[in-house]
Amino acid sequence: AIDRDSLRLEHLATASVSSPSLAAQRAEESLLLSAALERLPEDYREVLLLRHFEQLEHAEVAARMNRSPAAVRMLWVRALEALKKEMS
């Protein structure tokens, strides 16, 4: 489930738009995602942005956040779960 949610988040972050209706849907999803991210704790938001929007590996995120890679992985999992709750 975490992998599926992670892939969906990456898709929302990087998907191209091919029609006006799809563009409107993407815009709405982007607004909902942005609002949900804003409601998350700062460290959750940061790990998700670094992993999915900047597309950094866990080791790179760990270095930026001054944490161990294992701690970042656990933070990332908790952040995805929290985001999923915020989006539903």
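Residues numbered from 1 in each chain as written. Predicted model: local features only at pLDDT ≥ 70, side-chain atom pairs only at ≥ 80, totals over all residues. Heavy atoms only, no water.

## A look at the environment of methionine 87
Thinking step 1. Among the secondary structure elements, methionine 87 is positioned in helix H5 (residues 69–87).
Thinking step 2. Note on methionine 87: relative accessible area 37%, which makes it partly exposed.
Thinking step 3. Measuring from C-alpha to C-alpha, the distance between methionine 87 and leucine 33 comes to 7.1 Å, with 54 residues separating the pair along the chain.
Thinking step 4. Those residues within four positions of methionine 87 in sequence are excluded, and the remaining contacts are Leu32, Leu33 and Ala36. (Helix = DSSP H or I, 4+ residues; strand = E, 2+ residues; numbered from the N terminus. Buried < 20%, exposed > 50% of the residue type's maximum accessible area, 1.4 Å probe, protein only. Contact = heavy atoms within 4.5 Å.)

## As for unusual backbone geometry
Thinking step 1. Phi is positive for glutamine 55, close to 55°, though the residue is something other than glycine.
Thinking step 2. For glutamine 55, the position within the fold is in the loop between helix H3 (42–53) and helix H4 (58–65).
Thinking step 3. A relative accessible area of 49% means that glutamine 55 is categorised as partly exposed.
Thinking step 4. Look at asparagine 66: it is not a glycine, yet its phi comes out positive at around 55°.
Thinking step 5. Secondary-structure assignment places asparagine 66 in the loop between H4 and H5.

## Topic: H4
The α-helix advances 3.6 residues per turn, and as a result positions three or four apart in sequence lie on the same side.
Thinking step 1. Buried within H4 are the following residues: His58, Val61, Ala62 and Met65. For H4, the buried positions fall inside an angular range of 105° around the axis, keeping them on one side. In this structure, H4 carries Ala59, Ala63 and Arg64 as exposed residues pointing more than 90 degrees from its buried face.
Thinking step 2. Turning to H4, the residues buried within the fold contact H3 and H5.
Thinking step 3. At the exit of H4 stands asparagine 66, carrying a positive phi of roughly 55°. (Arc of directions from axis to C-beta.)

## What to know about helix H2 (residues 20–39)
Thinking step 1. The terminal C-alpha atoms of H2 lie 29 Å apart, and with 20 residues this matches the ideal 28 Å at 1.5 Å per residue to within 8%.
Thinking step 2. Considered for burial, the residues of H2 that qualify are Arg26, Glu29, Leu33, Ala36 and Leu37. Projection of H2 onto a plane perpendicular to its axis shows the buried side chains occupying an angular sector of 95°, all on one side. Opposite the buried face of H2, at more than 90 degrees from it, the exposed residues are Pro20, Ser21, Glu28, Leu31 and Glu38. (Expected span 1.5 Å × (residues − 1).)

## Quick look at the nonpolar core
Thinking step 1. Ranked by internal contacts, the top residues of the largest apolar core, which has 20 residues, are Leu40, Val47, Leu48, Val61 and Leu83.
Thinking step 2. Per-element tally for this core: the top contributor is H5, with seven residues.
Thinking step 3. Sequence-distant contacts of valine 47, that is, excluding residues within four places in its chain, are made with Val61, Met65, Val72, Leu75, Trp76 and Ala79. (Core = buried A, V, L, I, M, F, W, Y, C linked by side-chain atoms within 4.5 Å.)

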